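Here is how the chains run, residue by residue.
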Amino acid sequence: MGSQANPNQDDYKLKDTKPELGERWPHGGVRGGGGWISSERITSTYDLVEQMYYVYVRVVKARDLPPNQVTGSSDPYVEVKLGNYKGKTQHFEKRTNPEWKQVFAFSKDKIHASFLEVFVRDREMVARDDYLGRVVFNMNEVPTRVPPDSPLAPQWYRLEDRRGEHKLRGEIMLAVWMGTQADEAFPDAWHSDAATARGEGVFSARSKVYVSPKLWYLRVNVIEAHDVESADKSQLPQVFVKAQVGNQILKTNMCPTKTTNPFWNEDLIFVAAEPFEEKLVLTVENKTPSRDETVGRIQLPLNVFEKRLDHRPIHSRWFNLEKFGFGALEGDKRMEHKFSTRIHLRACLEGAYHVLDESSMYISDQRPTERQLWKQPIGILEVGILSAQGLLPMKTVDGKGATDAYCVAKYGQKWVRTRTIVNSSGPKWNEQYTWEVYDPCTVITLGAFDNCHLGGNDSGPGKDSRIGKVRIRLSTLETDRIYAHSYPLLVLQPSGVKKMGELQLAFRFTCLSLANMMYLYWHPLLPKMHYLHPFTVNQLDFLRFQAMNIVASRLARAEPPLRKEVVEYMLDIDSHMWSMRRSKANFFRIVSLFSGAISISKWLGEVCHWKNPITSVLVHVLFFILICFPELILPTIFLYMFLIGIWNFWFRPRHPPHMDIKLSWAEAVHPDELDEEFDTFPTSKAQDVTRMRYDRLRSVAGRIQTVIGDMATQGERFQALLSWRDPRATSLFIVFCLVAAVVLYVIPFRIVILGAGLFVLRHPRLRSKQPSVPSNFFRRLPARADSML
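All values derive from a computational prediction rather than experimental measurement.

Novice: I tried to follow unusual backbone geometry on my own but got confused; where do I start?
Specialist: Glycine aside, residues mostly have negative phi, and peptide bonds are mostly found in the trans state. The linkage connecting Glu274 with the following residue, Pro275, adopts the cis geometry, with an omega of -10°. With respect to the secondary-structure elements, Pro275 resides in the loop between strand 15 (263–273) and strand 16 (279–287). A cis amide bond, omega 0°, links Glu559 with the succeeding residue Pro560. In this fold, Pro560 is placed in the loop between helix 4 (537–555) and helix 5 (564–570). A positive phi angle is found at Asn430, which is not glycine, with a value near 50°. The residue Asn430 is located in strand 27 (residues 428–437) in this model. Although it is not a glycine, Asp572 sits at a positive phi angle of roughly 55°. Here Asp572 lies in the loop between helix 5 and helix 6 (580–608).

Novice: I would appreciate a short explanation of the packing of helix 6 against helix 7 (residues 613–628) in the present structure.
Specialist: When two helices pack together, their arrangement is given by the angle between the helix axes and by the axis-to-axis distance. Following both chains from N to C, one finds helix 6 and helix 7 inclined at 95°, their axes separated by 8 Å at the closest point. In this view, helix 6 runs roughly perpendicular relative to helix 7, as classed from their interaxial angle. Each of Trp603, Glu606 and Val607 in helix 6 lies in contact with helix 7, whose residues at this interface are Thr615, Ser616 and Val619. Grouping the constituent residues of the contact of helix 6 with helix 7 by class yields 3 nonpolar, 2 polar and 1 charged.

Novice: What exactly am I supposed to notice about the sheet that holds strand 26 (residues 414–417) here?
Specialist: Strands in a sheet are paired, the pairing made by backbone hydrogen bonds, and the direction either parallel or antiparallel. In spatial order, the strands read 11-26-25-28-29; together these 5 strands make up an open sheet with antiparallel pairing. Whereas interior strands pair on both sides, the edge strands pair on one side only; in this sheet they are strand 11 (208–211) and strand 29 (465–473). Here the strands of the sheet are splayed against their neighbours by 15° on average, with no regard to which way each runs. Relative to strand 28 (residues 443–450), strand 25 (residues 405–411) runs antiparallel, the two sharing 6 bridges. Bridged to Tyr406 within strand 28 is Phe449.

Novice: What should I look at first to understand the UniProt feature "transmembrane region" (unreviewed entry) in the protein in this one?
Specialist: Per the UniProt record, "transmembrane region" (unreviewed entry) is found at residues 505–522, 587–605, 617–650 and 732–761. Each end of residues 505–522 is marked by a C-alpha atom, and these two atoms are 32 Å apart; helix forms 39% of the span and strand 39%. Within the segment residues 732–761, helix and strand shares are 90% and 0% respectively, and the terminal C-alpha atoms sit 27 Å apart.

Novice: Hey, could you run me through helix 6 in this one?
Specialist: Each full turn of the α-helix corresponds to 3.6 residues, which orients residues three or four apart in the same direction. A rise of 1.5 Å per residue sets the reference length of helix 6, with its 29 residues, at 42 Å; its end C-alpha atoms lie 40 Å apart and thus fit the reference within 8%. The largest bend in helix 6 amounts to roughly 35° and is located at Ser595. Residues of helix 6 that are buried: Met580, Arg581, Ala585, Val607 and Cys608. Taken together, the buried residues of helix 6 touch strand 30 (482–493), helix 7, helix 9 (671–677), helix 10 (687–720) and helix 12 (749–760). The first or second residue beyond helix 6 is Trp610, which carries a positive phi of 55°.

Novice: In this structure, what is going on with the nonpolar core? I would like to understand it.
Specialist: Counting 68 residues, the largest nonpolar core has Tyr217, Trp415, Trp435, Ile444, Ile472 and Leu505 as its most contacted members. Looking at which element gives the most residues to this core, the answer is helix 4, with 7 residues. Trp435 has contacts with Gly379, Ile380, Leu381, Val383, Ala409, Tyr411, Lys414, Val416 and Ile444, leaving out every residue within four places of it along the chain.

Novice: Which parts of the structure should I look at to understand the side chain of Glu117?
Specialist: Position of Glu117 relative to the elements: it lies in strand 6 (residues 115–122). Among the polar contacts made by the side chain of Glu117, one reaches the side chain of Arg134 at a distance of 2.7 Å. In this structure Glu117 touches Glu79, Val80, Lys81, Arg134, Val135 and Val136, once residues within four positions along its chain are discounted.

Novice: Where do I start with the packing of helix 7 against helix 12 in this structure?
Specialist: One way to put it is that helix 7 packs onto helix 12 with a least axis distance of 10 Å and a crossing angle of 165°. Considering the angle they form, helix 7 stands roughly antiparallel to helix 12. As helix 7 runs across helix 12, the sense of the crossing is right-handed. Side by side, helix 7 and helix 12 meet where His620, Phe623, Phe624, Ile627 and Cys628 of the first sit next to Arg750, Ile753, Leu754, Gly757 and Leu758 of the second. Here the contact of helix 7 with helix 12 is built from residues that sort into 7 nonpolar, 2 polar and 1 charged.

Rules of the game
Residues numbered from 1 in each chain as written. Predicted model: local features only at pLDDT ≥ 70, side-chain atom pairs only at ≥ 80, totals over all residues. Heavy atoms only, no water. Helix = DSSP H or I, 4+ residues; strand = E, 2+ residues; numbered from the N terminus. Axes fitted to C-alpha atoms, helices over the stretch in contact; angles between N-to-C directions. Parallel < 35°, antiparallel > 145°, perpendicular 65-115°, else oblique. Contact = heavy atoms within 4.5 Å. Nonpolar A, V, L, I, M, F, W, Y, C, P; charged D, E, K, R; others polar. Pairing = 2+ DSSP bridges. UniProt positions renumbered as here; feature names shortened; annotations may be inferred. Expected span 1.5 Å × (residues − 1). Bend = angle between axes of the 7 residues up to and from the residue. Buried < 20%, exposed > 50% of the residue type's maximum accessible area, 1.4 Å probe, protein only. Core = buried A, V, L, I, M, F, W, Y, C linked by side-chain atoms within 4.5 Å. Polar contact = N/O pair within 3.5 Å; in protein donor to acceptor, adjacent residues only side chain to side chain. Left-handed = near helix turned anticlockwise from the far one by under 90°.

This is the structure we're talking about:
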């Protein structure tokens, strides 16, 4: 349901929740005599989530299994059954002593069976799988393990027949225990929550922690080249250098003169990721009327370059280029050693910059690349991803709507992914993660997605669908306080804004050093190299886009992969694209900023026009006091701001910020503007639609152009006061300045201010409805608009 059809705006707001956070002994007992752990207990590793209990079964190996009487061998596998849930290990071909080393986890809340059965079977290709034996456990006798206890030791169990009356040949090594999600076996276990996952989809359903690749800026200063030869010996070459690292291609400018020793001295900046798999490929190309011919080429591995940790220059080096192309007519002489074209480079890997791989508005990390330049952490962020409520169906499976939800959280270089809960509109993850915080002015991003790679859902789309996103700025949080809220998951779709459900989170920002945190507020946001040798805006946009692509491609190669569409959504890769909706939202943000100044000017106008005589008289009294005691002006201003701050303390926001559809201008957006926002780049729309949108963009840009022109005009009029652009106006102004200087020298400054203030505050009967003299004079000043074509 779109926002236009939903009148209940509370659905889009943040809600308080009261989950039972903390640890408790299983079977109803209390821990430490206090039941649920209080929020002051920081030592607990899982005090921000509700405890969930699982029956863990570790299948290690088997021995002495009987062979098949027909084939003489055995293809064994293990099936673990608890209630209606079954988990299977992989099968091994022709092995009587297999090793599986696999863990199964069954959620205790969903299972009410009294017995746990472990079957060993022999896989048959045609007939039914043979029964080799089983082991049965009574659930009331399963021991409980609570970390940090050591893992439970597995034991050998003899296999029984179906009725449990006789022991059969073969043994299996197992460990069975009751534990929580704090157990070390939890992340890699097969989960009953994802029992329908098949094949590789089993790995895709597990929870994982990922680390972004270590990114470097590669600076290549192309200085000059010597002995450049052209294929046409009668013509001097006019060359440029093309540099490539992976998919990134940059070119120097064309050397302005035709010469065999061209000079450029240009910086080319690339993004590179450890481990360095790509090489720097430099090609010197000659510009000819017909085509660009390659003069020479060289490939350099990135680990040959020096790593620079400050602004000091590094040594330059000469490199010989490989001959290319036009030596083919010389036959075997190509192989002879000849005097080669040389290129002069100064290249380094920049370790003192922070490589931006996310939108600078929602940055989660500002540390430089080189680890030895990092400062000590100032805090710890703990996040409990509890559950989701009311998730909408994201795909159709067997004719029914289904959602297989998982969450991803990104802060700094660490990404986390919860396990996938299959086919549930109210999944409960209850997983807790921790990050070190180096700067409070950073943002953690959490996203919910629908898993379309579980192996059994072939009807689903090829990409994991977005359910929604939450951003939390750490500087808006009070330290050492647990926040537990339900966040609306809002997604903008071509049909409008849509609420996909709610995500319940609990988080706490713990301060390690308040002094260091306060100290950071006086320092630059980014490392100092960003200010000593800054990049241009175009360079930053290009580099950020390349860094996003590198991070997305590297994380997509993990197992299980963190898919490209997920990483791009978390990093806001399309935030730079044009959007009429976003432009309107930003315009009204600016308008709201000036609303305070506008309201003050309106209030002053009412005072000057004596709308409320009592207020005007009080302003006159305050004005006389400040004129008599001018030394009180600045203290009064600062005291006033202090009192406003103290007053606003009682009305401070109690909740962290969340996605706001009104601020985003998403509730009243025009359908065609949404269609334009979701259009591909380049556009895939018909020609008439593109023409209509282009005309609309021209009209919007025309209004912006007019506003910018007006602002420039006002500035140029100020310049025209003394530039003699208008000789008569400048003459009048400098005469006025001379008279004003004499008057201010003779008359005390207090009297001048008093007279000016009384003139401004004069009664409406003494006012003229015509514009003031200074305004008339200023509007008559010339601007440079007359010289515009």
